[in-house]
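# Working through the structure, step by step
Chain by chain, the residues run as shown.
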Amino acid sequence: MGVTPCRTVWLDGKFVDLSEATVPVTTHALHYGTAAFEGIRAYWNGDNLYVFRLADHIRRLKRSGSFYDMATTYTDDDIARAITGTCARNGLRESTYIRPFFFVGEWGISLYVRPEAPTRFAVIVFPLDKLFNNGGISVGVVSCRRFNDASTPTQAKMSGNYLNSIYATIEAQKSGYEEAIMLDQAGNVSEAPGANIFLVQDGRLITPDRASSALDGITRDTVVRLAKSLGIPAEFRRVSPGELHTSEEIFLTGTAAEVVPITSVGGRAVGQGPGPVTRSIMEAYADAVAGRGNASDGWLTPVYPA
Ligand SMILES: Cc1ncc(COP(=O)(O)O)c(C=O)c1O
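Quick caveat: nothing in here was measured; it's all calculated off a predicted structure.

## Considering the pattern of salt bridges
Tallied over the full model, the rule gives 20 salt bridges. When the shortest N-O distance is used, the salt bridge between R114 and E116 registers 3.1 Å. Judged by its relative accessible area of 26%, R114 is partly exposed. Residue E116 is classed as exposed on the basis of its relative accessible area, which comes to 51%. The shortest N-O distance in the salt bridge between E191 and R146 comes to 2.9 Å. Taken together, the residues span a long stretch of sequence, with E191 in strand β10 (residues 189-191) and R146 in the loop between β8 (137-141) and α4 (162-174) at a distance of 45 residues. R146 shares its class with E191; the two are buried.

Next comes the structure, spelled out in structure tokens:
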């Protein structure tokens, strides 16, 4: 899916035009995938643009880099101001996707990344409405397995890791599915290439646990908390692939994907379209990101002064 980034970009502490936000071909991250990144959304609620769970995304961004001893001189406040400032300078008043990332710059061909390795920091933003059809998508379980902690840390959101997601997506799309479901090394359900998975069984939510190599999604955490407030219990555990065919409802969660129902797995229908639990979670999520309901304390950061 092509996107058009907004003209103003934050690069290394300054707001610059997109045409000036360039890096040399010698940039380490281009060669070795040494870039820590986040995907964040901001929502326009009629009065202001609100960045959703900004502090949690900044925390995860820094943690991702720290797995690889990457350091940045920017504080959490600097990063927060860079993000809200980039949105504001582009005058955004619609659903927005925010991509902050920091990456190793000039470090030759050394594979020994250390805190002294110079890093660069950028924030780009662009309008983004729905990533998937809210009415539901088809998925297929792909043959390529999710990488696990025995190879590289699964909780580090690093650009290099996304080759695994890209490989899985290519297989799913070439097989005629809209999205892939990946299994972990042990053959249990892990996640989609860029989203977590939930199953609904007997009115309960089930999602693969950490040992299943799934990223600890911020949307997943939001959904678990919202479910609790709706009286819907949620469980983290191993999920066998067979459960993809015996669950009443299945949905994906992610910042970009939001909450999206899965209507078929491997060509077999899941229920009769998006079910009641999925619908109530979708509604609660839409309320939370817009600052409606009471479950969103501290989750919204305004872009424009009140
Ligand atoms: C591999 C993977 N899993 C899950 C998610 C969902 O995470 P979040 O809800 O924090 O966006 C993402 C998106 O960042 C992802 O890339």
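## Structural notes on the nonpolar core
In terms of nonpolar packing, the biggest core is built from 31 residues, with I98, F121 and V123 touching the most fellow members. Counting residues per element, this core draws most heavily on helix α3 (residues 76-89), which supplies five residues. Setting aside residues up to four positions removed in sequence, V123 forms contacts with V9, W10, A82, I83, T86, I98, R99 and P100.

## As for the pairing of strand β14 (residues 249-254)
In the case of a regular strand, side chains alternate between the two sheet surfaces. Of all six residues in β14, six are buried, a share of seventy percent or more. Residues E249, F251 and T253 line one face of β14 and the alternating positions I250, L252 and G254 line the opposite face, and both faces are buried. With five bridges connecting them, strand β11 (residues 196-201) and β14 associate as antiparallel partners. Counterpart to L199 in the pairing with β14 is I250. Across four bridges, the pairing between β14 and strand β15 (residues 258-265) is antiparallel. In the sheet register, T253 faces β15, and the bridge partner there is V259. Counting the residues between successive antiparallel strands, the hairpin from β14 to β15 contains three residues.

Each value, and the rule that gives it
- Residues numbered from 1 in each chain as written.
- Predicted model: local features only at pLDDT ≥ 70, side-chain atom pairs only at ≥ 80, totals over all residues.
- Heavy atoms only, no water.
- Salt bridge = Lys/Arg side-chain N within 4 Å of Asp/Glu carboxyl O.
- Buried < 20%, exposed > 50% of the residue type's maximum accessible area, 1.4 Å probe, protein only.
- Helix = DSSP H or I, 4+ residues; strand = E, 2+ residues; numbered from the N terminus.
- Core = buried A, V, L, I, M, F, W, Y, C linked by side-chain atoms within 4.5 Å.
- Contact = heavy atoms within 4.5 Å.
- Pairing = 2+ DSSP bridges.

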